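The chain contents come next:
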Amino acid sequence: MPEDIYEHIREQAPFKFEFIDENDNYYKLDSYIKKLHDDYIVVTPPDDGDVDINIPGNAEVNLIFPLDNGILIAQCTVLGREAGMKPGVLLSFPHNTRVLERREYIRVPIKLRVEITFYSDQFYTDRKSFFAITKNISASGIAFYHREPIESCYDIGCKIYLSDENPRAVETRNKLIYSQKIKIKNETVFLTALSFTSISEGDSARIVKECFKYQVRHKKIKSY
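Residues numbered from 1 in each chain as written. Predicted model: local features only at pLDDT ≥ 70, side-chain atom pairs only at ≥ 80, totals over all residues. Heavy atoms only, no water.

**Student:** Is there a simple way to think about the nonpolar core in this case?
**Tutor:** Note on soluble globular proteins: their nonpolar side chains tend to be buried together. Formed by 27 residues in total, the largest nonpolar core has its most connected members in Val114, Ile116, Ile137, Ile142, Phe144, Ile160 and Ile207. Elements represented by at least two residues in this core include exactly strand S11 (113-119), strand S12 (127-138), strand S13 (141-146), strand S14 (154-161), strand S16 (187-199) and helix H1 (201-218). Beyond its immediate stretch of four places on either side in the chain, phenylalanine 144 contacts Val114, Ile116, Phe130, Ala132, Ile133, Thr134, Lys135, Phe190, Leu191, Thr192 and Leu194. In this structure, Phe15, Phe19, Val89 and Leu91 belong to the second largest nonpolar core, which totals 22 residues. (Core = buried A, V, L, I, M, F, W, Y, C linked by side-chain atoms within 4.5 Å. Buried < 20%, exposed > 50% of the residue type's maximum accessible area, 1.4 Å probe, protein only. Helix = DSSP H or I, 4+ residues; strand = E, 2+ residues; numbered from the N terminus. Contact = heavy atoms within 4.5 Å.)

**Student:** Mind showing me how you'd approach H1 here?
**Tutor:** Residues that lie three or four places apart on an α-helix share one face, since the helix turns once every 3.6 residues. Its 18 residues give H1 an end-to-end C-alpha distance of 26 Å, which sits within 8% of 26 Å, the value for a rise of 1.5 Å per residue. Buried within H1 are the following residues: Asp203, Arg206, Ile207, Lys209, Glu210, Cys211, Phe212, Lys213, Tyr214 and Gln215. Of the residues one or two after H1, lysine 219 is the one with positive phi, at around 55 degrees. (Expected span 1.5 Å × (residues − 1).)

**Student:** Even after reading the chapter, I still don't get the state of the cysteines, so can you show me in this structure?
**Tutor:** In protein structure, a disulfide is the covalent linkage between the sulfur atoms of two cysteines. Applying the stated criterion across every chain yields a total of zero disulfides. With no disulfide of its own, cysteine 76 has cysteine 211 as its nearest cysteine by sulfur position, at a separation of 19 Å. Counting only cysteine sulfurs, cysteine 158 is the nearest neighbor of cysteine 211, a cysteine outside any disulfide, at a range of 14 Å. Using a relative accessible area of 5% as the deciding quantity, one classes cysteine 211 as buried. (Disulfide = S-S within 2.5 Å.)

Written out as structure tokens, the structure is:
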């Protein structure tokens, strides 16, 4: 286990428990560490009000510990539950950890179809749009590949077509971070990054869920 997690894995330490249940519902709930054993951890079952949430066995989960300047995320595997009236959840020790600053967000390299719209002049007379494919996405923004250069842009809109059960596109207002020319297989394209300046709470939750599901599948934590 990496050294930076030792001071956080202790009895009574509070954290946010991030997971997806058997019905594909995403949760981030309060919990704390009950006991430490030589080869596993016992934590209190996270609950949503008075409802005890069932966490699937062998599920990959995140323990999110608060830091002074950010958070520490530890990925663990659910091993089972204790016996008794209020059984704790048995977890493996973390197999992957990362410290993120407050300005950072988990990003994942998912390929998604996006539609970009913007005005090329500050008088809003020349509206342009094109489709692109994402390089990565996070709760704070996206990076994507496209063929036509963006020399100037105003009022940037973005529709993101996630691969979840909701057919409606996520819609955001955005700020241009950078746009640069790159080569992929001897072909010149552009890589552009946007940060979200406006996004609904529901759309943000959909992106967070997709990012977490990617982590579960690939057991990776990166920052953006």
